[in-house]
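Tertiary structure, described
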Amino acid sequence: MIYFDNAATTYPKPESVYEALNKANREMAFNAGRGSYKKARELSAKIDETRSLLADIVKANKDNVILKTSSTSALNNIILGIDWKENDNIYVSPFEHNSVMRPLEHIKKQYHINIITLPFNKKTWEIEQEAWNLFALKKPKCVICSSKSNVTGYELPTKEIFREAKKYNSITILDASQSFGVDKTITKENTDFIIFAGHKSLYASFGIAGFLKLSKVELKTVEFGGTGSDSLNLNMPEEEPNKYESGSKNIVAILGLNESLKWLKNTNVKQKEEELTQYLYKQLKQIPKMIIYTPDNEKKCIGLLSINIEGYSAEEVGSILDEEFNIAVRTGYHCAPIVHDFINSKQYNGTVRISLNYFNTKEQIDTLIKALKSL
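Remarks on helix 6 (residues 158–165)
Taken residue by residue, helix 6 has Thr158, Ile161, Phe162, Glu164 and Ala165 as its buried positions. The arc enclosing the buried residues of helix 6, seen along the axis, measures out at 160 degrees, which places them on a common side. Check the buried side of helix 6 and you find it contacts helix 5 (130–137), strand 5 (140–146) and strand 6 (171–175).

Brief notes about the pairing of strand 6
Among the five residues in strand 6, five count as buried, and that is most of the element. The alternating pattern of strand 6 places Ile171, Ile173 and Asp175 and Thr172 and Leu174 on opposite faces, both of which are buried. When strand 5 meets strand 6, the two strands line up parallel, connected through five bridges. Each residue of the ladder has a partner; that of Cys142, found in strand 6, is Ile171.

Details of the packing of aromatic side chains
Tallied over the entire structure, the rule returns 18 aromatic pairs. Look at Phe193 and Phe211: their rings are 6.1 Å apart centre to centre, the planes differ by 65 degrees, and that puts the pair in the edge-to-face class. Residue Phe193 is found in strand 7 (residues 193–197), and its partner Phe211 is found in strand 8 (residues 209–213); the two are separated by 18 residues along the sequence. Comparing Phe193 with Phe211, the two get one shared label, buried. Put simply, the rings of Phe95, Phe120, Trp125, Tyr154 and Phe342 pair up and form one aromatic cluster.

The rules behind each value
- Residues numbered from 1 in each chain as written.
- Predicted model: local features only at pLDDT ≥ 70, side-chain atom pairs only at ≥ 80, totals over all residues.
- Heavy atoms only, no water.
- Buried < 20%, exposed > 50% of the residue type's maximum accessible area, 1.4 Å probe, protein only.
- Helix = DSSP H or I, 4+ residues; strand = E, 2+ residues; numbered from the N terminus.
- Arc of directions from axis to C-beta.
- Contact = heavy atoms within 4.5 Å.
- Pairing = 2+ DSSP bridges.
- Phe/Tyr/Trp six-rings, centres within 6.5 Å; stacked < 30°, edge-to-face > 60°.

If you want it as structure tokens, here you go:
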């Protein structure tokens, strides 16, 4: 199988990650923080090391790192934990995932907040200056943006957006599920929370993700349970990160992430993704009736491209690639409810998403192009 669904989860992983996962399952699958024996203490030290490796990416403190099982869980903890008031204004980009939009829809019904989509130019995909007028007229309580669209690969101008939002003391949340660890330009500047997903850009396994809490914004606790400490107290601890981390940690996934973070420090994934994306784009442009969803400057889309072919639905293209050529792509709406109006892809029932990773090759892209040309 030729695999082009890396925006869902990167595959394959580095060999060192597979080795770490295997060793962890066989020799280290114990409950860290809940035992006084030697192995439990060793694993607690490994968890701390993993926190430090994650924090180092944006020069934060390891105590800023909150470990969860998925980026969806992380976003729920943040969004449901904010102290909302009636008529608060929340701004989102047109590129947001349902892990943002569905929790927001829930609190909209509960607190009667306003969800406002930031205006982006449909030709250039740049943020419109009108957005700053909106901020002045309807002051933002919170601004949530993806670092990179999971549908188009577009890298959003989040630094500019968050800089403007902070003029109003807005809470700023960066969903970096698609790029944390790969995009070295991500920083903690003007950012209160950064979300990461182990199984995506961090090249680790399922079951480990989380967020960096980078400011003093207080969150209500929305998950309750054992933390391995202060067990006679029926209240959740107040200190971070324990305040947000109930339940047994997925130590196997954490040890895999520990290894992938070390691999990423010595591997220029971004450069390889840029090279492959440009190669893919040039090949796709040669195919008749091909629609490629990019702005005027296609180089702003990195790591993945969404396409359609006139005369076919997205699902039909994906099925043909799978059944006749053993090529895996993702089709449909990709859990992103707003972007398809922005790029005008609903007539095709979404898009065919071709998402790349460090281990893909130009030869694999050539095979894909040959298959698409046969349609």
